[in-house]
Amino acid sequence: MKAVEWIKQAAKRGDAEAHLTLGEYHHDMNLYEKSLEEFSIAAEAGYAQAQYAVGWYYFYGLGVRRDFSEAVKWFYRAANQDCAEAYFYLGMCTMEGKGLVADPEEAKRLMRYGRTLNPNLAKDVERYLTDASFNEANQDAANQAATPQKRKFFPFGKSKEADADVEAEEIEPEPES
């Protein structure tokens, strides 16, 4: 555990990447409030994967009261830095009207753009858009504040750059009506 101590020291010196790493460590230890605290520090410093993680915690209500509007805010921040997983979750929120106005066409666009950033999301995107049972299972997980034993985080790290011919665009959350 000497490595963890070194990382903690780096975090105390203000190293945002160390906070991201500690967030992952605490998540794996099921210490959700502490994990969210560490991710929040890295998210405020601009780390896209930490911003996505904070959104994920609010989406599932781990270590915090579930709040879809807050989740969407953090997903937008991460998506504006081309975090593929954030686009996927923005698409889910947009499809289901969680935290913003439901818009199925916009939801599909967001998810498919996320897929161009990370082709590993292709199966999840297509299953979500075409398989009602997958869609229902995803809603059930969100409705039960899923635990990491049942639903693991997407792996953290730097967001992948898109090789596709899709132009990135700044996106802003739409107000709820």
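Structure's up top.
So, here is what we can say about the structure in this document. (Residues numbered from 1 in each chain as written. Predicted model: local features only at pLDDT ≥ 70, side-chain atom pairs only at ≥ 80, totals over all residues. Heavy atoms only, no water.)

1. Regarding the overall build of the chain
Thinking step 1. A tally of regular secondary structure across the chain gives nine helices and zero strands.
Thinking step 2. Going residue by residue from the N terminus, the α and β elements of the chain occur as α-α-α-α-α-α-α-α-α.
Thinking step 3. Buried residues in the chain amount to 44% of all 177 residues.
Thinking step 4. Contacts in the chain between residues at least 24 apart in sequence constitute 60% of all its contacts with a sequence separation of at least 6.
Thinking step 5. Surface accessibility of the chain: about 9400 Å² in total, with carbon and sulfur atoms responsible for 49%. (Helix = DSSP H or I, 4+ residues; strand = E, 2+ residues; numbered from the N terminus. Buried < 20%, exposed > 50% of the residue type's maximum accessible area, 1.4 Å probe, protein only. Contact = heavy atoms within 4.5 Å. Areas by Shrake-Rupley, 256 points an atom, 1.4 Å probe, with all protein chains shown as cover.)

2. A few points about the packing of helix α4 (residues 48–60) against helix α6 (residues 84–96)
Thinking step 1. Where α4 contacts α6, the two axes come as close as 10 Å, and the packing angle between them is 30 degrees. Accordingly, the angle class assigned to the pair α4 and α6 is roughly parallel. As for how α4 packs across α6, the hand of that crossing is left-handed. For the pair α4 and α6, the contacting residues are Q49, Y52, W56, F59 and Y60 in the first and E85, A86, Y89, M92 and C93 in the second.
Thinking step 2. Residue composition of the contact of α4 with α6, by class: eight nonpolar, one polar and one charged. (Axes fitted to C-alpha atoms, helices over the stretch in contact; angles between N-to-C directions. Parallel < 35°, antiparallel > 145°, perpendicular 65-115°, else oblique. Left-handed = near helix turned anticlockwise from the far one by under 90°. Nonpolar A, V, L, I, M, F, W, Y, C, P; charged D, E, K, R; others polar.)

3. Description of helix α8 (residues 122–130)
Thinking step 1. Of the positions making up α8, those classed as buried are V125, Y128 and L129. Projection of α8 onto a plane perpendicular to its axis shows the buried side chains occupying an angular sector of 90 degrees, all on one side. Turned more than 90 degrees away from the buried face of α8 sit K123 and T130, all of them exposed. (Arc of directions from axis to C-beta.)

Nothing here speaks to function; it is all geometry.
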